[in-house]
Amino acid sequence: MKRNVSARLVVGAILLALLVVQAVYYRKLLWKPKLSDVALEEGAAGAMPAMPPPPPVGSADARVITFAGDGTPGCRDGSAGTARFDGPSGLAVDTTGNLYVSDSRNHRIRIVTQEGKVSTFAGGGPMERLTGSLRDGASRDARFSCPAGLAFDGKGNLYVADTGNSAIRKVDPKGNVSTVFAPPDAKSGKGLETLAPQLLLPGDVAFDDTLGIAVADTANHRVVSIDGKGGMDTLAGSDPSQNPPEMDSPLAMCIGANGMLYVVGAGNLGVRLVSALGTPISLPTPRVKPGEIIAPVAQVDPEAHPAPKGIRLVNPAGVTTDQRGNLFVSDSVMQCVYATTLSGIALELLAGAHHEHADMAGYVNGNGAEARFNRPGALVCGPGRKLYVADFGNNCVRMIEY
């Protein structure tokens, strides 16, 4: 009896060993190791280079669609799906939810209603990309030169950063255009080199009862405020000899619910804040120079700026806030739109395919990281959870529902 039990135990052990060998054999055939599971020796034949870290995943709740424009450069009014823009570079929303667009290379201000109808609100004349002029007047009799940033005041007046004219214009609710601030020789055709003491290629405007008309004086590396009589005060960036400038090429800005002015630009370290007292502060948003975008994603800003690790800005081109305390920033090089809070915690990818090793420009609607932009710039929030994006390179306006 004991012999039979011993024999059975031996046979069972042999069968178990055979099953283990068989399992290992089939696992080796069917299982494909991940790159992270393979330790490649340096210099080994056929060794693959280390892969870059995967891009962060866009918000699955953010849906990107085309709001207006068919993607072809041109100037055509009509339905949102057939209308055409050429280089949209500024956005603003009025109290009824209509969207206003600076159509920069058409030298016009366009309006898109909530029903999806596109029309010309102000500006006319030749539409060649490098032309434009300064003329006040009624609606389409007025002339602009590469208009950019837009902002409304509490009375429904629309202020325009008339970049090509180095001027600030105002369009009243009826479409009448007047000049708020312009250099003395704006109508003389003299070169821009004579305008340094004045505005020089202003990129954006914002309006606040305390600040008045705030202007991103881009080429003068400063932020200024202009009162209703045309007087100018410098809010930040008053020392032109400082290297790098205190406000380096400010390009876009907005005023948050906390009364602070948020400023971004090609040379700024992340997002800058300007208080009513004119004190510039840096929010902890990671920033990297364009020539260093191949560095690891987790690396902190090369200037040792105290910022959290994570997604970094390369060329921020648009900024806006909503009523929920969210702060949104677009990056025209990374082809993405990011979200953070007014206190400036680490950025999160809202939409677009952030990747520091490739140009991910494109024109694709979809959710989160599926979407593609081409040089996204100005941002503005609309009714509900809607974020409009001036998709400059795609000649249209996109909308992110978040």
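Anything mentioned here points back to the structure above.
Asker: Quick question: what am I supposed to make of unusual backbone geometry here?
Answerer: Excluding glycine, most residues fall at negative phi; most peptide bonds, likewise, are trans. A positive phi angle, close to 55°, is found at H107, a residue other than glycine. Position of H107 among the secondary structure elements: in the loop between strand 4 (99-103) and strand 5 (108-112). The phi dihedral of H221 is positive, around 55°, even though this residue is not glycine. Structurally, H221 is set in the loop between strand 13 (212-217) and strand 14 (222-226). Relative accessible area serves as the criterion here: at 27%, H221 is assigned to the partly exposed category.

Asker: Before we go on, may I ask you to explain the pairing of strand 21 (residues 326-331) in this structure?
Answerer: Each regular strand shows side chains that alternate between the opposite faces of the sheet. Among the six residues in strand 21, five count as buried, and that is most of the element. Across five bridges, the pairing between strand 20 (residues 316-321) and strand 21 is antiparallel. By the bridge assignment for strand 21, V319 is matched with V329. As paired strands, strand 21 and strand 22 (residues 336-341) are joined by six bridges and run antiparallel to one another. For D331, the partnering residue across the bridge sits in strand 22 and is C336. Counted between consecutive antiparallel strands, the loop separating strand 21 from strand 22 contains four residues, among which Q335 sits at a positive phi close to 60°.

Asker: I would appreciate a short explanation of the nonpolar core in the present structure.
Answerer: Across soluble globular proteins, nonpolar side chains show a tendency to be buried alongside one another. Y262, V271, V319, L327 and Y338 are the most contacted members of the largest nonpolar core, which totals 20 residues. The residues touching L327, leaving out its near neighbours within four places in the chain, are Y262, V271, L283, V319, T320, T321, Y338, A339, T340, T341 and L342. With 16 residues, the next largest nonpolar core counts A68, A80, F85 and L99 among its residues.

Asker: In this structure, what is going on with the pairing of strand 3 (residues 88-93)? I would like to understand it.
Answerer: Inspection of the sheet shows strand 3 paired to strand 4 by five bridges, in the antiparallel sense. Paired with A92 across the strands is Y100, a residue of strand 4. Where strand 3 folds back on strand 4, the antiparallel hairpin that results is connected by five residues, among which G97 adopts a positive phi of roughly 95°.

Asker: Help me out: how do you make sense of the packing of aromatic side chains in this one?
Answerer: Aromatic rings in a pair are described by how distant their centres are and how their planes are angled relative to each other. Scanning the entire structure with this criterion turns up five aromatic pairs. Ring centres 5.2 Å apart and planes at 80° place the aromatic pair Y100 and F121 in the edge-to-face group. Within this pair, whereas Y100 is found in strand 4, its partner F121 is found in strand 6 (residues 117-122), the two being separated by 21 residues in sequence. A residue is classified by how much of its surface remains accessible, and Y100, at 7% relative accessible area, is buried. A relative accessible area of 14% means that F121 is categorised as buried. Ring geometry for Y100 versus F152: centroids 5.1 Å apart, planes at 75°, classification edge-to-face. With a gap of 52 residues between them, Y100 in strand 4 and F152 in strand 8 (residues 147-152) connect regions that are remote in the sequence. In textbook terms, an aromatic cluster arises when at least three aromatic residues are bridged by ring pairs, as seen for Y100, F121 and F152.

Asker: I tried to follow the sheet that holds strand 10 (residues 167-171) on my own but got confused; where do I start?
Answerer: Taken in spatial order, the five strands of this open sheet run 7-11-10-9-8, and their pairing is antiparallel. Strand pairing shows two members of the sheet lacking a second neighbour, strand 7 (137-138) and strand 8, which therefore form its edges. Across two bridges, strand 7 lies against strand 11 (residues 176-181) in antiparallel orientation. The partner of A138 across the bridge, within strand 11, is N176.

Asker: Just checking my understanding: could you explain the environment of G270 for this structure?
Answerer: Positionally, G270 belongs in the loop between strand 17 (261-265) and strand 18 (272-274). Each C-alpha atom of the pair G270 and G344 lies 9.7 Å from the other, and the pair is 74 residues apart in sequence.

Asker: How should the pattern of salt bridges be read in this particular structure?
Answerer: Oppositely charged side chains can form a pair if their charged atoms are brought close together. Inspection of every chain in the model, using the stated rule, returns 11 salt bridges. Ionic pairing is found between R110 and D77, a salt bridge with its closest N-O pair at 2.8 Å. Of this pair, R110 sits in strand 5 while D77 is found in the loop between strand 1 (63-68) and strand 2 (78-79), placing the two residues 33 residues apart along the sequence. Of the charged contacts in the structure, one is a salt bridge between R110 and D103, with a shortest N-O distance of 2.6 Å. The pair R110 / D103 is uniform in exposure class, with both members buried.

Asker: Explanation requested: the environment of T234 in the structure shown.
Answerer: With respect to the element layout, T234 can be found in strand 15 (residues 232-236). On a C-alpha basis, the gap between T234 and D217 in space is 9.7 Å, while along the polypeptide they are 17 residues apart. Those residues in contact with T234 that lie beyond four places of it in its chain are R222, V223 and V224.

Asker: Help me understand the sheet that holds strand 26 (residues 386-391), please; the structure alone is not making it clear to me.
Answerer: In space, the five strands of this open sheet follow the order 24-1-27-26-25, with antiparallel pairing throughout. Among the strands making up the open sheet, the edge pair consists of strand 24 (366-367) and strand 25 (376-382). Across five bridges, the pairing between strand 1 and strand 27 (residues 396-401) is antiparallel. Within strand 27, the position partnered with R63 by the bridge is E401.

About the thresholds
One numbering rule holds for all chains: residues counted from 1, following each sequence as written. Local features in this predicted model are restricted to residues whose pLDDT is 70 or higher, and side-chain atom pairs enter the listing and the counts only when it is 80 or higher, whereas totals over whole chains, interfaces and linings include all residues. Computation of side-chain values covers all heavy atoms of the structure but excludes hydrogens and water. Helix and strand assignments come from DSSP, with helices taken as H or I runs of at least 4 residues and strands as E runs of at least 2, each series counted from the N terminus. Exposure categories follow from relative accessible area, calculated using a 1.4 Å probe and restricted to protein chains: below 20% of the type maximum is buried, above 50% is exposed, and the middle band is partly exposed. A pair of strands is considered paired only if DSSP assigns at least 2 bridges between the two. In these notes, a set of buried Ala, Val, Leu, Ile, Met, Phe, Trp, Tyr and Cys residues joined through side-chain atoms within 4.5 Å is what counts as a nonpolar core. Residues are treated as being in contact if the distance between any of their heavy atoms lies within 4.5 Å. Between rings of Phe, Tyr and Trp, where Trp is taken as its six-membered ring, a pair exists when centres lie within 6.5 Å; planes separated by under 30 degrees are stacked, by over 60 edge-to-face, and by other angles tilted. By definition here, a salt bridge exists when the distance from a side-chain nitrogen of Lys or Arg to a carboxyl oxygen of Asp or Glu is within 4 Å.

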